[in-house]
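For reference, the chains in residue letters:
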Amino acid sequence: MTRMSRFSLLAALCLSLTAPFTLQAQEARPAAERPEPRRPDAQLPPESVTRHTLELPGRTLRFIATAGSLTLTDPQGAPQAEIGFTAYTREDADPATRPVTFAVNGGPGASSAYLHLLAVGPWRLPLDGPTINPSASPGLVPNAETWLEFTDLVFIDPPGTGYSRIVGGDQVRERFYSIQGDIDGLAAFVMRWLKENNRLQSPKFFAGESYGGFRGPLLAQKLQSDQGIGFSGLVLVSPVLDFAWIDQDVTDPWAVAARLPSAAAAAMSDRGPVTREALAEAERYASGEYLVDLIRGVQDKEAVERVARRVTELTGLDADLVRRLAGRIDVTTLQRELRRGSSTVVSAYDTNVSGADPNPTNYMSRYEDPVLDGMTAPLTSATIDHLTRTLNYKAEGRYNLLNGGVNQAWRWGGGRDAPESVEELRQAMALDGNLRVLVTHGFTDLVTPYYASQLIMNQIPDLGPEKRLSLEVYEGGHMFYSRQDSRQAFRDDVRRLFEEALQARAASNRD
């Protein structure tokens, strides 16, 4: 597997802007009636508005789909970027009370297709199973777990992903491909979409996966402080809240300890269902004796023996290997060693999904990830076909499901500290006593281990009389929603978050 840089692990899914983004003004009219002339130099076509009826078990959904783009400009009106989006809105609801959710994926460099067509949208690409083949059919099916039943949906492709593109030159690209520039662009998009669609009164929510989850708190605070917009809820899917907690350096005790429960879950999942209760001992050990012995270091031979023995018991790995590694198991080793006897490698994104090791007898092997790389072809084909044929949006040029160029060019900011959005999460929740946050993970995800989020969340106070920050963990990995049972449980938990947030909003309006 190609070595990943310190902060570029999340493909899934900084510097301040020297010039802020503004937006092209346009008369606010319903999307179905609004003409959008195409600039002579634009590659992206005018937006396409289509109406659909979807038959689901026991109910029928009627909605409008809009596929198009919004153009961000500099203060002088020069185009900077065209941001592609797909929106689904119900016709039979009051826009003032109907929630709207903005969804992004991660990377940086990933389009929104993962959440769009694998979990949340009205149609779904089935990709469940122990293997994912690039030649799998890209055919979509109605998604019985779509969130469209309780919220309108807007899927955003940041610049360089999907059909979205930078049109303002290298300096603009540098600004967009940075932590703060990315957030400023997303905030400008959200405000623009709300204004043009007369949805400023609507309850507003955010869903972000992986690096998209990292974006959530940053975007919430940016909108609160700069754009005059408040989210009622955040759904952070397999997020990175602090990159220091997922560092691949085995000399970082907290990162190694945070990954251990997921390694234990990988071994447990081969024998049956995985639950938090079943992993309770692994979690206690990881943040207790294991962490203490890791801090003692490899010079303490008794500590090494203790961790080697216990890690072997929890993971089922070869005892000699674990002892040689001093009980500090990195992701690449786990991928090859969890099923060493079958000459297969497991995915870092979900250890339940595996593929053949192309070099099973070699000490080291280069291989594609069975999940991330395996799903690229069918998901790309499904997205292009869906936009072109179902939504009648016929864009030219390449569709970037996962753009490695964006990831490599990303500007992470200066200083010695790893990027984190925990402080912005604290600030956003402290300022808005109604804001609800749901953090979700899969047990067998080695890329963004669930216990890292748990340990971080343990450091955040309640910030009020109600518990408004919660963690749910499901069977599966980074894209746990590809599993039927996990997708259903995820949808139910999200619906509950919406109901609680809307109740709090209504109570606040009455006061």
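Residues numbered from 1 in each chain as written. Predicted model: local features only at pLDDT ≥ 70, side-chain atom pairs only at ≥ 80, totals over all residues. Heavy atoms only, no water.

**Q** Tell me about the overall build of the chain, and please be specific about residues and values.
**A** For the chain, the helix and strand inventory stands at 15 helices and 15 strands. Its C-alpha atoms give the chain a radius of gyration of 23 Å, near enough to 24 Å, the size a compact globule of 511 residues would have. With respect to the principal axes defined by its C-alpha atoms, the chain has extents near 70 × 55 × 50 Å. Looking at the 511 residues of the chain, the share that counts as buried comes to 58%. Roughly 20,700 Å² of accessible area belongs to the chain as shown, and the carbon and sulfur atoms make up 48% of that amount. Here the chain carries 53 positive and 64 negative side-chain charges, and the mean point of each set is 1 Å from the other. (Helix = DSSP H or I, 4+ residues; strand = E, 2+ residues; numbered from the N terminus. Rg over C-alpha atoms; globule rule 2.2 N^0.38 Å. Buried < 20%, exposed > 50% of the residue type's maximum accessible area, 1.4 Å probe, protein only. Areas by Shrake-Rupley, 256 points an atom, 1.4 Å probe, with all protein chains shown as cover. Lys, Arg positive; Asp, Glu negative; His and termini not counted. Charge placed at Lys NZ, Arg CZ, Asp CG, Glu CD.)

**Q** Could you give an account of the environment of Glu 283, naming the residues involved and the relevant values?
**A** Position of Glu 283 relative to the elements: it lies in helix H6 (residues 280-286). Assessed through its relative accessible area of 9%, Glu 283 is described here as buried. Taking the C-alpha atoms as reference points, Glu 283 and Leu 260, 23 residues apart in sequence, are found 7.9 Å from one another. Setting aside its immediate chain neighbours within four residues, Glu 283 contacts Pro 261, Arg 276, Tyr 450 and Tyr 451. (Contact = heavy atoms within 4.5 Å.)

**Q** Got a sec to walk through helix H4 (residues 211-227)? Specific residues and values, please.
**A** Look at H4: 22 Å from first C-alpha to last across 17 residues, which is about the 24 Å you get at 1.5 Å a residue. Remark: the principal bend of H4, roughly 25°, maps to Pro 217. Within the span of H4, buried status applies to Tyr 211, Gly 212, Gly 213, Phe 214, Arg 215, Gly 216, Pro 217, Leu 218, Leu 219, Ala 220, Lys 222 and Leu 223. For H4, the secondary structure elements touched by its buried residues are strand S5 (100-104), helix H3 (179-196), strand S10 (204-209), strand S11 (233-237) and helix H13 (422-431). In the segment just after H4, Gly 228 is the residue with positive phi, at about 75°. (Expected span 1.5 Å × (residues − 1). Bend = angle between axes of the 7 residues up to and from the residue.)

**Q** An account of the pairing of S11 is needed here, citing residue identities and associated values.
**A** Side-chain direction in a regular strand flips from residue to residue, so the side chains alternate between the two faces of the sheet. Summarising burial for S11: 5 of the 5 residues are buried, a large majority. Alternating residues of S11 divide into Gly 233, Val 235 and Val 237 and Leu 234 and Leu 236, and every residue in both groups is buried. In this structure, S10 lies alongside S11, joined through 5 bridges in parallel fashion. Bridge assignment links Phe 206 to a residue of S11, and that residue is Leu 234. Each parallel crossover has a hand, and the one from S10 via H4 to S11 is right-handed. Bridge count for S11 against strand S14 (residues 436-442) is 5 bridges, and the pairing is parallel. Bridging from a neighbouring strand, Leu 234 pairs with Val 437 of S14. (Pairing = 2+ DSSP bridges. Right-handed = clockwise from strand over helix to strand, strands pointing away.)

**Q** Residues and numbers for the pattern of salt bridges, please.
**A** For the structure on display, the rule yields 29 salt bridges. Residue Glu 305 is joined to Arg 323 by a salt bridge in which the shortest nitrogen-to-oxygen separation is 3.3 Å. Taken together, the residues span a long stretch of sequence, with Glu 305 in helix H8 (residues 301-315) and Arg 323 in helix H9 (residues 319-324) at a distance of 18 residues. Among the charged side chains, a network of salt bridges with common partners joins Glu 281, Arg 284, Arg 310 and Glu 313. (Salt bridge = Lys/Arg side-chain N within 4 Å of Asp/Glu carboxyl O.)

**Q** Before we move on, could you go through the packing of aromatic side chains and cite the residues and values that matter?
**A** If you walk through the whole model with that rule in mind, you get 26 aromatic pairs. Ring centres of Phe 85 and Phe 189 lie 5.8 Å apart, and the angle between their planes is 65°; this geometry places the pair in the edge-to-face category. A residue pair is termed long-range when its members are at least 10 positions apart, and Phe 85 in strand S4 (residues 79-90) and Phe 189 in helix H3 qualify at 104 residues. Assessed through its relative accessible area of 1%, Phe 189 is described here as buried. Both rings, one in Phe 205 and one in Phe 498, keep their centres 3.8 Å apart while their planes meet at 15°; by these two values the pair is stacked. Note that Phe 205 is positioned in strand S10 and Phe 498 in helix H15 (residues 484-510), a separation of 293 residues in sequence. For Phe 205, a relative accessible area of 1% corresponds to the buried category. Across from the ring centre of Tyr 285, 5.6 Å away, lies the NZ or CZ of Arg 310, which sits over that ring. (Phe/Tyr/Trp six-rings, centres within 6.5 Å; stacked < 30°, edge-to-face > 60°. Lys NZ or Arg CZ within 6 Å of the ring centre and 35° of its normal.)

**Q** Describe the packing of helix H5 (residues 253-269) against H8, and please don't skip the residues or the numbers.
**A** Between H5 and H8, the least distance of the axes is 7 Å, while the angle of their chain directions is 45°. Between H5 and H8, the angle is such that the two are oblique. Residues Leu 260, Ala 263, Ala 264 and Ala 267 of H5 touch H8, and the partners they reach there are Val 311, Leu 314 and Thr 315. Of the residues in the contact of H5 with H8, the class split is 6 nonpolar, 1 polar and no charged. (Axes fitted to C-alpha atoms, helices over the stretch in contact; angles between N-to-C directions. Parallel < 35°, antiparallel > 145°, perpendicular 65-115°, else oblique. Nonpolar A, V, L, I, M, F, W, Y, C, P; charged D, E, K, R; others polar.)

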